[in-house]
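Close look at the chain arrangement
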Amino acid sequence: MKLVAIAIDDEPKALEVVQMHAAKVPFLELQASFIDAFEALPFLRQHKVDLIFLDIKMPDISGIEFAQILKNGPLVVFTTAYSEYAVQGFDLDAVDYLLKPFSLARFTKACNKALEMKNVRTEVPEFIFLKTGYEEEKVYLKDILYIEAAGNYMTYVLKERKLMCRQNVPEALQTLPEQDFVRVHRSFIVGVQHVGKIARQQVWVNGVEIPVGASYEDSVGLIKEKLNG
């Protein structure tokens with residue numbers, strides 16, 4: 001299992017250190033780095049991220065404040081030169097707190113802790129609860145064929161019915177076990193076990209043709225890999 005991560009720090013040299021260390025951790029994939037926390041928000045909305053290396057003392061918004069706005073968001077490892085923020089960091093259930101300058105060994109230890117926490121998070125449940133209006137409805141994961149996004153709503157297409165809930169794609173991906181669901185388009189997530197036919201630009205789920213977006217062509221290979229194994 002790998003960790004998909006991003007780094008946020010207003011100091012470019014600090015980001016370089018994270019990038020250098022990340023390149024040496026085999027199970028860590030650092031996908032993007034940002035010197036402005038607000039620039040990271042669109043990326044987080046469009047991609048599934050497991051972990052954020054997050055500086056605390058930044059202009060406009062602190063790392064503590066940024067972590068607080070990430071509802072059900074990725075795991076967080078705080079990176080800072082100021083030890084007085086440690087208590088606040090751990091109050092937010094941060095994975096770890098790296099005091100600059102930190103060594104590769106210390107960085108790797110934090111990554112190992114994050115991987116362990118991700119494993120706990122991804123223990124496969126049998127069902128989830130979806131909020132539909134003022135109620136929450138129990139839905140078994142095995143019954144979800146695919147999910148379609150439209151604005152701020154997601155339609156869960158089940159074997160015998162459909163459910164609509166106010167949610168976006170990243171929120172849905174945070175809820176669903178990644179081994180059983182794959183995003184194939186900006187608007188579609190499919191249940192891997194229900195994929196009956198695969199082409200380069202389409203997959204078919206229960207006889208329904210679903211497009212594969214140009215940015216998600218790798219998802220076809222990922223589906224094949226999961227089905228084979």
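Provided above is the structure to which this section pertains.
Residues numbered from 1 in each chain as written. Predicted model: local features only at pLDDT ≥ 70, side-chain atom pairs only at ≥ 80, totals over all residues. Heavy atoms only, no water.

**Remarks on the overall build of the protein chain**
Basically, it comes down to this: The numbering of helices and of strands both runs from the N terminus, where a helix is a DSSP run of H or I of at least 4 residues and a strand a run of E of at least 2. Buried, partly exposed and exposed residues are distinguished by accessible area as a fraction of the type maximum, computed with a 1.4 Å probe on protein chains only: under 20%, between the cut-offs, and over 50%, respectively. Residues count as neighbours in contact if any of their non-hydrogen atoms are within 4.5 Å of one another. In this description, accessible areas are obtained by the Shrake-Rupley approach with a 1.4 Å probe, and a residue is regarded as covered only by the protein chains that are shown.
Each helix and strand in the protein chain was counted, giving 7 helices and 15 strands. For the protein chain, buried positions account for 46% of its 229 residues. In the protein chain, of all internal contacts separated by at least 6 residues, the share reaching a separation of at least 24 is 52%. Of the roughly 12600 Å² of accessible surface on the protein chain, 50% is carried by carbon and sulfur atoms.

**Topic: the environment of Ser33**
Note the cut-off: A 3.5 Å cut-off defines polar contacts: any pair of N or O atoms within that distance qualifies, except that in protein one atom must be a possible hydrogen donor and the other a possible acceptor, and neighbouring residues in sequence count only when both atoms are side-chain atoms.
With respect to the element layout, Ser33 can be found in strand β2 (residues 28-34). If sequence neighbours within four positions are ignored, Ser33 has contacts with Ala7, Leu15 and Gln19. Here Gln19 takes part through its side chain, which lies 3.0 Å from a polar atom of the side chain of Ser33.

**Some words on the nonpolar core**
Operational definition: By nonpolar core is meant a set of buried Ala, Val, Leu, Ile, Met, Phe, Trp, Tyr and Cys residues that side-chain atoms within 4.5 Å join together.
Ranked by internal contacts, the top residues of the largest apolar core, which has 22 residues, are Ile6, Ile8, Ile52, Leu54, Phe66 and Phe78. Sorting the residues of this core by element identifies β1 (3-8), β2, α2 (37-46), β3 (51-55), α3 (63-69) and β4 (75-80) as the ones contributing at least two each. Counting residues per element, this core draws most heavily on α2, which supplies 4 residues. Beyond its immediate stretch of four places on either side in the chain, Ile52 contacts Ile6, Ile8, Leu44, Phe66, Leu70, Pro74, Leu75, Val76 and Val77.

**Comments concerning helix α7 (residues 218-228)**
Worth spelling out the cut-off: Arc definition: directions from the helix axis to the C-beta atoms.
Of the residues making up α7, those classed as buried are Ser219, Val220 and Ile223. Down the axis of α7, the sector holding all buried residues measures 110°, keeping them to one side. Relative to its buried face, α7 has exposed residues pointing more than 90 degrees away, namely Asp218, Glu225 and Asn228. Those residues of α7 that are buried lie in contact with β11 (181-185), β12 (188-191), β13 (195-198) and β14 (202-205).

**Some words on the sheet that holds strand β15 (residues 208-211)**
Quick reminder of the rule: Pairing between two strands requires that DSSP report at least two bridges joining them. Structural elements are reduced to axes, namely lines fitted to C-alpha atoms, with helices fitted over the stretch in contact, and the angle between N-to-C directions of any two is expressed from 0 to 180 degrees.
The antiparallel open sheet is built from 3 strands, whose spatial order is β13-β14-β15. Across the chains shown, the open sheet's two edge strands, defined by having one partner strand only, are β13 and β15. Taking the axes of each pair of neighbouring strands and ignoring which way they run, one obtains an average angle of 30° across the sheet. Where β14 lies against β15, 4 bridges are found, and the strand directions are antiparallel. Looking at β15, one finds that Val203 is bridged to Ile210. Against the sheet, α7 touches β13 and β14, its axis set at about 130° to β13.

**Some remarks on the sheet that holds strand β10 (residues 162-166)**
Spatially, 5 strands are ordered β10-β9-β8-β12-β11 in an open sheet, and the strand pairing comes out antiparallel. At either margin of the open sheet sits one strand with a lone partner, and together these are β10 and β11. For this sheet, the mean angle separating the axes of adjacent strands, direction not counted, is 20°. Of the strand pairs in this sheet, strand β9 (residues 153-158) and β10 are connected by 5 bridges, and their pairing is antiparallel. Residue Tyr153 lies in a different strand from β10, and its bridge partner there is Arg166.

**Remarks on the environment of Met154**
Tracing the sequence through the fold places Met154 in strand β9. Looking at Met154, the relative accessible area reads 0%, which means it is buried. Between the C-alpha atoms of Met154 and Asn168, which are 14 residues apart in sequence, the distance is 6.5 Å.

**With respect to α2**
Along α2, the residues classified as buried are Ala37, Ala40, Phe43 and Leu44. Buried positions in α2, seen along its axis, are confined to an arc of 100° and lie on one side of it. Looking at the buried side of α2, the elements it contacts are β1, β2, β3, α3 and α6 (169-175). Capping the start of α2, Asp36 holds a side-chain oxygen 2.8 Å from the backbone nitrogen of Phe38, two or three residues further along.

By themselves, these observations are geometric and do not establish any function.
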